[in-house]
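Structure at a glance
Next come the chains, spelled out residue by residue.
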Amino acid sequence: MNILSFAASNSRQSINKQLVSHASLMLAEQIDTEARVETIDLNDYEMPIYSVDRENETGIPAMAHRFFNKVREADLVLISFAEHNGSYSAAYKNLYDWASRIDMRVYEGKPMLLLATSPGPGGARNVLKSAAESLPHFGADVRGTFSLERFHDNFDHDEQRLVDPNLKAELIQKLSELTKSQQAAA
Ligand SMILES: Cc1cc2nc3c(=O)[nH]c(=O)nc-3n(C[C@H](O)[C@H](O)[C@H](O)COP(=O)(O)O)c2cc1C
């Protein structure tokens with residue numbers, strides 16, 4: 001099983017990248033030891049801001065195709081969303097806008113678990129809710145969501161793992177439901 005994971009953030013210290021990397025590792029170590037996980041970094045997919053004029057003049061950048069193909073090759077996708085002013089980070093939105101010009105159903109048929117975290121009590125729930133509602137329109141098979149509030153209290157920076165056993169159990173449960181849904185479909 002090929003798992004693609006990434007944080008929808010371009011911060012080098014991204015807390016969402018830490019969370020999604022932890023979730024990916026839990027999946028590969030505790031749920032499906034044969035799974036192959038690839039965690040990509042949005043900084044490797046930075047492109048000019050999408051515009052219709054740019055697209056008409058120079059076409060869709062190769063990087064957008066690279067991202068699109070990575071999604072298409074994956075069996076499962078995990079994304080952890082950074083919340084910027086209640087919505088997606090510009091880095092993710094730009095990448096998604098370019099990729100959607102190849103085919104708007106970027107996540108076609110992919111079972112997905114959507115995560116989000118923030119330093120505050122909101123746990124980036126606004127962006128998570130909006131992603132969970134909108135991604136199915138773009139082909140995603142959203143199997144669950146997981147919001148982690150107060151990241152710095154709930155995540156051990158040295159150990160790179162969740163502190164609270166209940167939160168950890170909740171995440172494992174959601175990851176395990178996700179892999180079961182993929183195995184059932186295969
Ligand atoms: C421009 C900007 C807007 C933000 N807006 C929100 C917000 O609406 N809600 C929220 O919970 N946090 C907000 N934050 C704080 C982010 O949750 C915080 O920077 C977090 O670390 C982002 O995730 P990342 O580290 O994975 O990039 C904002 C941060 C920035 C820089």
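Criteria and cut-off values
- Note that residues are indexed from 1 along each chain, following the sequence as it is written.
- Per-residue local features of the predicted model are confined to residues with pLDDT of at least 70, and side-chain atom pairs are confined, for both listing and counting, to 80 or more; whole-chain, interface and lining totals are unaffected and use all residues.
- Near, as applied to residues and a molecule or strand, means the residue's backbone-placed C-beta atom lies within 6 Å of it.
- Think of it as three bins: nonpolar holds Ala, Val, Leu, Ile, Met, Phe, Trp, Tyr, Cys and Pro, charged holds Asp, Glu, Lys and Arg, and polar takes everything else, Gly as well.
- The pairing criterion for strands is at least two bridges between them, as found by DSSP.
- Only runs of H or I of at least four residues qualify as helices and only runs of E of at least two qualify as strands under DSSP, and these elements are numbered from the N terminus.
- With axes taken as lines fitted to C-alpha atoms, and helix axes fitted only over the stretch in contact, angles between N-to-C directions fall between 0 and 180 degrees.
- Residues of type Ala, Val, Leu, Ile, Met, Phe, Trp, Tyr and Cys that are buried and joined through C-beta atoms within 7 Å form what is called a nonpolar core.
- Backbone-placed C-beta atoms define the burial measure: a residue is buried with 20 or more other C-beta atoms within 10 Å of its own, exposed with 12 or fewer, and partly exposed in between.
- By definition, residues are in contact whenever their C-beta atoms, placed on the basis of the backbone, come within 7 Å of each other.
- What sets the label is the angle itself: under 35 degrees gives roughly parallel, over 145 gives roughly antiparallel, 65 to 115 gives roughly perpendicular, and the rest give oblique.

**With respect to the site of the ligand**
Around the ligand lies a shell of 16 residues, among which S9, S14, N16, A82 and S118 are the nearest. Considering only residue class, the shell around the ligand consists of five nonpolar, 10 polar and one charged.

**Description of the sheet that holds strand β5 (residues 141-148)**
In spatial order, the strands read β2-β1-β3-β4-β5; together these five strands make up an open sheet with parallel pairing. The sheet terminates laterally at β2 (36-40) and β5, the two strands that pair on one side only. Across this sheet, the average inter-strand angle for adjacent strands is 15°, counted without regard to direction. Note: strand β3 (residues 76-81) against strand β4 (residues 111-117), five bridges, orientation parallel. Within β4, the residue paired with F81 across the bridge is A116.

**Some words on the nonpolar core**
Ranked by internal contacts, the top residues of the largest apolar core, which has 48 residues, are L78, I79, F81 and L115. Once residues within four sequence positions are removed from consideration, L115 is found in contact with L19, V20, A23, L78, I79, S80 and F146.

**Regarding the packing of helix α3 (residues 62-73) against helix α4 (residues 90-100)**
The geometry of α3 relative to α4 is characterised by a closest axis approach of 9 Å and an angle of 85° between their N-to-C directions. On the basis of their axis angle, the class for α3 and α4 is roughly perpendicular. Only L95, W98 and A99 of α4 make contact with α3, whose side of the interface consists of A64, F67 and F68. Residue classes in the contact of α3 with α4 are distributed as six nonpolar, no polar and no charged.

These values are about where atoms sit, not about what they do.
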